[in-house]
Amino acid sequence: MSVASTEADAESITSSDFFEDPLLETDLYQIDDAEFGIPELDSIPSLDDALAEPSDDFSPIASSDSTISVHSGNLITKRRLGLNQSPFGSVESLQLISGTKPDPRAKASILRHVKLKCISVNIVSARTRRNAGFPTCIASGTTIAVGTSHGYLLIFTSKQLLRFFLEPSESCGSVSALCYNNDSSRLLAGHERGVVNMWDANTGKILRVINDCPGSAVLHVKFTDDHTKAFMSNGTGSVFFMSFKRPMGMRVCDSKLIFSGSRGEVLAVEPLLVSGRVSNHALNEFNPIYVAMATFSKMFIIRMSPKTIVIFTYPLKGDVSTLPIISWQFIKLQINKDSPTAIDPIILFGRDSRILFGLLSPSKNAKDDTVRIVKTLNFSYSIINFSWLNNKTIVIVDQKEYLHVVDIQTEQNAESLDLQHVGLVYATSQFKGLANEIGVSPALIAASTYPCYYSMLVSSGQLLILGQESLHVFVIRTWQERVDILRKEKLYFDAISLGREIYDNRARAISGALGPKKRYLVDAIMSIVVEYSHSIIQNAPCREEVEISDQRNSIDLLSGYFSELVPFVIDTCCLMKQQELLFGEVYSIIHVDSIAQCIFLNEIQQFVLSGSITSIAPTVLKDLINYDIESDNIPIIQDLILKLDYSSIDIDQVVRLSWKNRLYDAIVYLYNRALGNYMIPLEEMVERLRSENSNETQRQLVNKILVYLSCCLTGRDYTYGNIQEEMQKNVKIQALKFLLQDAQPPQPRFPNSNLLLRLDTREFLNVLAISFEEQEFSTIEGLRVRQRIIDMVMQIATHSQSNFSAFQLGSIYIFLAHQLIRASLSLDSEVFDQIVSYLTSPDPELRSTSVERERVVMELLLAQVIPLDDPSLEERLLGVQFFSVLEYVYEKRGEFHKMLRCYCMDESRTKMVFRFIRAVLYQFDVTSEQRKQFVDEVNRNLDTLIIVDPSKAAQLLLIEMGVSVDRVMAQLSIDHDSSMVYQFLSGAVELKSREKSKDKFQLSRTVVKHYMKLAACLVPSALEHFIRKSDIYQIEDAMEVCKANNLGGCVALVHVRCGNYSQAARVYVDYVDCIISAFLNLDAESEVRAGAAAVDHETVELQVGKCAELLRDMVSVHRLPQKECQDAWFRLLDAVVAPLKCHVEDSGGRFKHLLFSLLNSMIGYISLPVMLNKVFNDPAYGSSKYEDVKDLINGMFDTCNYELTLLTITSRLIDQDTFWNFAKLSRSLARGVRPLHAQCFTCYRKLSRPHQSNQQLVLFHCGHGYHQNCLNKAQYFTVDANNDLLYVCVVCKKRADPNYVFNQPNVHIADIPSGKTRSHTADQAEGNMDVLRRHRRDAQNRRLSLSATLEGESFDSLQSDSFKLNMRPRTNRRTIFE
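Residues numbered from 1 in each chain as written. Predicted model: local features only at pLDDT ≥ 70, side-chain atom pairs only at ≥ 80, totals over all residues. Heavy atoms only, no water.

Some remarks on the overall build of the protein
- Helix and strand counts for the protein come out as 49 helices and 36 strands.
- Per-residue burial over the protein gives 49% buried out of 1378 residues.
- Counting contacts in the protein only where the partners sit at least 6 residues apart, residues at least 24 apart contribute 59% of the total.
- Just so you have it, the protein exposes about 68,100 Å², and 49% of that area is on carbon and sulfur atoms. (Helix = DSSP H or I, 4+ residues; strand = E, 2+ residues; numbered from the N terminus. Buried < 20%, exposed > 50% of the residue type's maximum accessible area, 1.4 Å probe, protein only. Contact = heavy atoms within 4.5 Å. Areas by Shrake-Rupley, 256 points an atom, 1.4 Å probe, with all protein chains shown as cover.)

Here's what the structure looks like:
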């Protein structure tokens, strides 16, 4: 072993020190110079001064703008490293090399990349001069260790000085793994040939040589928090737990195998390190050891102390070329806003393109440890390594060697950098085991392309990446650095956008967060905003260079230019609440340009209307109002005033402007909020209302006055909220005084209220009604004021009736009536009579207010303001048809028969009359006299009841009241025509057809026949439905009525009911022929036989359709002979063809369409050749061209093809179902059955008995087994049609086929362990095959018979019982016991 120490020349860095990135605290605060008393520098020191300045803590070793920080024990120290800038160190340098112009934005990228020049030079020098080989892995503590392919170790200090050049004592192969302990005093180095060396990092001496797994490469070595314990994994996939001891001064190592590679190679090992990373945590109390390991297929977490327990597993999937990766981190978590923050370890693991986050919740008891997956990220690239960069950011390297910075919270990729120029080091030889005698698995070889576990690590927030000839550092820039770089490059828009994202906590991968105070960021961004504003004005397109003819285009160009930039400045100031700067320095810059000023004012206006700005500087507001006036946009000024704080408004100017332009809302707002006066706006608006001549203007103004008056009376603010409590009472009193203000003659009394009442009566009264709901009006003094207001309204209505219309007076009377009901107010008797007269007035002009007046009258009656014994009350209510009020009066008087009259006269409630009648007859407590009067009233209103609902009327009369049908018919015949009798009888017939009521009353034959006669005359379709559905008539009567009224369709239905199907078909076809003849006016006798005064085309189509439906029923249901069916169809076809034979004008082709429809209906019942022969031989088509029948033929063929296709598909589906059913049966027969117990469930003896070798056994799929003799004795069997025994399980009551009974030889159930598969004997196997062959043969025969059936039968025959498969359910299938 040789130890060498060298020092390299280096340069001092030119930027600030690397910031520390604490493990837990993610928010850093900028130091306040005034707070800590830091003096200001007169001048910023130059680079030469900084380099010449001596320092104990920093030494010049690093180039340009980078440092690295390393651990020093449990503390994180910051040291300035001398680094030379790499030619591949940043995006802009690459662009310079390629000859392209660098992008200034690249300088403000998230990651700052620096190549550690001194370390890189030593790596190359060690390879070329000392034959150390290429670098293979790195580790970082207080020093940086680099392992080489020839087994050497290079130890560098934080100043990039080579401290030790370590050579192992024997050839151990390349260094494959490195790891420091917590205090960086010990360094474990794993080698390719299975040797693990422990070095003293302070002296460079080797302490231990561990050779517990020779012949296999060491893939991982990891220290735990306890420096005497570590984990090691090798190329076989095994994991060892190493304990370092020193008994009697001897350094020894005890290795324990905790996971064998035979169960799956462990490829990643990562213990959880707690010491020095988190304080006051539960893990520090009981010091458990958690280690996460991952194979190709799963990740699992093990707790080592005091007992090894697996607490979590999760499956992993991915491409064979990808390896699993694991990384731990402590993070502050808060479940919800109310819960406290907690610090818990998060494990980051994944493989291929997927990364998962698991939250570990440790406890003292290992069984209570839980791991919960809290987040999952999926990417579009394959990952080869990843690590935590800080609590909010992770870094990922993919297979294309791109470095991705991913923000965890937003799950977005913040930045990507190309690492191909780095020359990333891969541990391919170690994973392939090229230097070992023991080979590795094919899976490990397949994944050996991209292993780089020890080529990338994160130390103190700095990412170290090992290249083949260099070492690189990547650090997240602070937000101050990024903003300053963009500012120096004059990329103001990008700098402000970045600041906005940081302010809103939307920025990704931010280091040096703000904390609760954001004033540093705000100050920085606002200074950039000022510079940006200057830049906007200075870089505007020059208007002097534009010709006069192009001035318009110049204005449009400038407007577009400023419209894109100025709103961004305004929005930024509003976001950061810097309106003072916006309306001060920024506006002073913008207003220099008139077009920019217009754009600025227009945008400010939009921000005010949206509520983003509530206060504007007076000068800006004045310019804004002038801008709106010049733009003729006066109404928007009012909206602006209502959105702004009155303290920023020039009240005098705005008030005069508002009065001039009728901006009444703005006036009210300023007087109320700024001046605290509520009456001046009201009085001024009323005075203006008197002088207005325009009706539209009057209407708008009176609406505003009434709304404002209502707000004053109820203590509400006109804009929003409530009036201040100390002012509410005073405002209400002033508003009441305004209303009650009287005037001297000749002016009208109460001029203010009179004017408002006259212009909008209803709304003014609504204002008064709403104000009366206030608490003040419920007191004694409030009732007096209320009475005064009522008296005022009555006086206005009495003395100024000529000024009010009837509707206005009605509204006043209704208002007064409501006040009488709700409060104990006095009212003059003459006025009360006027109110009652108006409410009960039958004037047709007041019909639109009848509902409201009826409701008020009802309320007056309920409040007993109007007495029920008023003699004129009933007459008034009848005259105005207030039936609800009348019912209430009659109910109180006990006059139920008059209540029935009201129900019958009230069209809106006639449907409720039957429920009311039943309630009176069966529920109400009525006297005999009242009942008699009520029944008489029912008889007088029979016609109304029948018209409302004939069926309910029949039920009421015939069942509930017991009135005979003849009596009702006689009574109806006296006063009404036959239609009323028909309606009653139709209701009775419908009631009779119901199952519940058909036996509760009888309909005589005479009554039924009379009903049929009336139906035949009035509604023939009802008679047809009656004959088809009912069975209460006599066939002879129905035939007589139908023939007497020439209703051929009904006659045919009667024949159907008699079973004369052939006669029914002939009759209906003849009837259709008569209808068509009557339609064509061919025969006068046909018109009589058609039974209709006039036959139209719709009637012809209807009857032809009904006849075709009847013929279809004859064939499919009643089985009419084929010859008779064909004759009937062709006779109907001849009747339909008749109009075409006579060359009748067929407008729209309706007869031809009817013919096509009929032929399509015939296709399913008449063969296609016969139909075509009939069509082509018919004279109607004999002289026609092919085009005339082309559609007909095509339609017939389409229908035929559709049915053939349907039949073919159905046959194929049935074949498939049959095949798969027998396939399942075959598989079931091939399976063995394992009994649940070794004894018979009948005799409870063993199934296998050597002394009875000929004993037969019966086994079921449920697992129960029996001796055949036991089942025979107990008679648990049935016999099928083939005289085969079908045994039944005694326990489950399931059957088994007789073929599944088998002999006992070679079956030793007692000797076979439960759950083991049993084998067939030769005899049993042969028996099985016989059963399978027989079932297959049966299946084949069934399929052949099925095909024959499908070829010779129609689709309907497929549903017959003879076609159904004779198959048992699957649950009854039994297999032979193995």
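So, the confidence of the model for the protein
- Of the residues in the protein, 79% have a pLDDT of 70 or more, and the chain-wide mean is 77.
- Taken as a whole, residues 44–102 scores under 50 in pLDDT and shows 160 contacts with residues more than four places along the chain or in a different chain.
- This stretch, residues 1342–1378, has a pLDDT under 50; its non-local contacts, to residues over four places away or in other chains, come to 77 contacts. (pLDDT = per-residue confidence, 0-100.)

Some thoughts on the side chain of N391
- Within the secondary structure layout, N391 lies in the loop between β24 (383–390) and β25 (393–398).
- Within the local environment of N391, its side chain forms a polar contact with the side chain of Q329, the two groups lying 2.8 Å apart. (Polar contact = N/O pair within 3.5 Å; in protein donor to acceptor, adjacent residues only side chain to side chain.)

So, the pairing of strand β3 (residues 111–115)
- Among the 5 residues in β3, 4 count as buried, and that is most of the element.
- Looking at chain direction, β3 and strand β30 (residues 471–476) are connected through 5 bridges and run antiparallel. Looking at β30, one finds that R112 is bridged to V475. (Pairing = 2+ DSSP bridges.)

Focus on helix α27 (residues 873–880)
- Inspection of α27 places L873, E874, L877 and V880 among the buried residues, and these make up the whole buried set. In an axial view of α27, the angular spread of the buried residues amounts to 140 degrees, which keeps them on one side of the axis.
- The secondary structure elements touched by the buried residues of α27 are α26 (850–862), α28 (883–893) and α29 (896–905).
- Just downstream of α27, Q881 is the residue with a positive phi angle, here 60 degrees. (Arc of directions from axis to C-beta.)

Observations concerning the pairing of strand β13 (residues 229–234)
- Here β13 lies mainly inside the structure; 5 of its 6 residues are buried.
- Of the pairings in the sheet, the one linking strand β12 (residues 218–223) to β13 comprises 5 bridges and is antiparallel in character. Bridging across to β13, V218 finds its partner in N234.
- Hairpin connection of β12 to β13: 5 residues between the antiparallel strands.
- Pairing of β13 with strand β14 (residues 239–245) involves 5 bridges; the strand directions are antiparallel. Bridge pairing in β14 places K229 opposite S243.
- Between β13 and β14, which follow one another and run antiparallel, lie 4 residues, and G237 among them has a positive phi close to 85 degrees.

Here we look at the sheet that holds strand β27 (residues 412–418)
- Pairing is antiparallel across the open sheet formed by 4 strands, whose spatial order is β24-β25-β26-β27. Each edge of the open sheet is held by one strand with a lone partner, namely β24 and β27. Pairwise comparison of adjacent strand axes, ignoring direction, gives a mean angle of 20 degrees for this sheet.
- Here strand β26 (residues 402–407) runs beside β27; their pairing, made up of 6 bridges, is antiparallel. By the bridge assignment for β27, V405 is matched with E415. (Axes fitted to C-alpha atoms, helices over the stretch in contact; angles between N-to-C directions.)

Some details on the sheet that holds strand β23 (residues 370–378)
- The sheet built from 4 strands is open, its strands ordered β20-β21-β22-β23 with antiparallel pairing. The open sheet is flanked by β20 (325–333) and β23, the only strands paired with a single partner. Along the sheet, successive strands turn relative to each other by an average axial angle of 25 degrees, direction set aside.
- Summarising the sheet, strand β21 (residues 342–351) and strand β22 (residues 354–361) pair through 6 bridges and their orientation is antiparallel. Residue pairing across strands places F349 opposite L356, the latter belonging to β22.

Concerning the packing of aromatic side chains
- Using the criterion set out here, one finds 31 aromatic pairs in the structure.
- Pairing Y982 with Y1011 gives two aromatic rings, centres 5.7 Å apart and planes at 0 degrees, and the pair type is stacked. Pair noted here: Y982 is in helix α35 (residues 978–993) and Y1011 is in helix α36 (residues 1005–1018), with a separation of 29 residues, a long-range link. Side by side, Y982 and Y1011 carry an identical accessibility label, which is buried.
- Joined through ring pairs, the aromatic side chains of Y492, F493, Y532 and F568 make up one cluster.
- The ring of Y903 has R909 sitting right over it, with the charged end atom 4.9 Å from the ring centre. (Phe/Tyr/Trp six-rings, centres within 6.5 Å; stacked < 30°, edge-to-face > 60°. Lys NZ or Arg CZ within 6 Å of the ring centre and 35° of its normal.)

A short note on the nonpolar core
- F562, L582, I604, I616, F984 and L1023 are the most contacted members of the largest nonpolar core, which totals 246 residues.
- Per-element accounting of this core gives the leading share, 11 residues, to helix α40 (residues 1061–1080).
- By size, the runner-up hydrophobic cluster in this structure holds 81 residues, among which are F164, V196, C253 and I383. (Core = buried A, V, L, I, M, F, W, Y, C linked by side-chain atoms within 4.5 Å.)

Concerning the side chain of N754
- As for its placement among the helices and strands, N754 is situated in helix α21 (residues 751–759).
- Beyond its immediate chain neighbours, meaning those up to four positions away, N754 contacts P748, R749, I796, S800 and F804.

Comments concerning the pattern of salt bridges
- Tallying each qualifying case throughout the model produces 35 salt bridges.
- Of the charged contacts, one joins K222 and E270 as a salt bridge, the two residues approaching to 3.4 Å between their closest N and O atoms. On the criterion of sequence distance, the pair formed by K222 in strand β12 and E270 in strand β16 (residues 268–271) is long-range, its members being 48 residues apart.
- E270 sits in the partly exposed class, given a relative accessible area of 21%.
- Here R487 ties to E531 by a salt bridge, and the two come within 2.5 Å at their closest N and O atoms. (Salt bridge = Lys/Arg side-chain N within 4 Å of Asp/Glu carboxyl O.)

Brief notes about unusual backbone geometry
- With a phi angle near 55 degrees, S460 is a residue other than glycine that sits in the positive phi range.
- Mapping S460 onto the fold places it in the loop between β28 (456–459) and β29 (462–466).
- Judged by its relative accessible area of 9%, S460 falls in the buried class.
- We note that D632 has phi near 55 degrees; this positive angle belongs to a residue other than glycine.
- As for its placement among the helices and strands, D632 is situated in the loop between α14 (618–630) and α15 (635–643).

A word on a nonpolar patch on the surface
- On the surface, a nonpolar cluster with roughly 360 Å² of combined accessible area is contributed by M248, M250 and V252.
- By secondary structure assignment, the location of V252 is in strand β15 (residues 252–259). (Patch = residues over 30% accessible without salt bridge, like charges linked within 9 Å, V, L, I, M, F, W, Y side chains within 5 Å.)

Quick look at helix α22 (residues 761–772)
- For α22, spanning 12 residues, the distance from its first C-alpha to its last is 17 Å, which sits close to the expected 16 Å at 1.5 Å a residue.
- All buried positions along α22 are accounted for by T761, F764, L765, V767, L768, S771 and F772. Down the axis of α22, the sector holding all buried residues measures 150 degrees, keeping them to one side.
- Tucked into the core, α22 has its buried residues touching α19 (695–714), α20 (725–740), α21, α23 (780–799) and α24 (806–822).
- For α22, the capping residue at the N-terminal end is D760, with a side-chain oxygen 3.4 Å from the backbone nitrogen of E763. (Expected span 1.5 Å × (residues − 1).)

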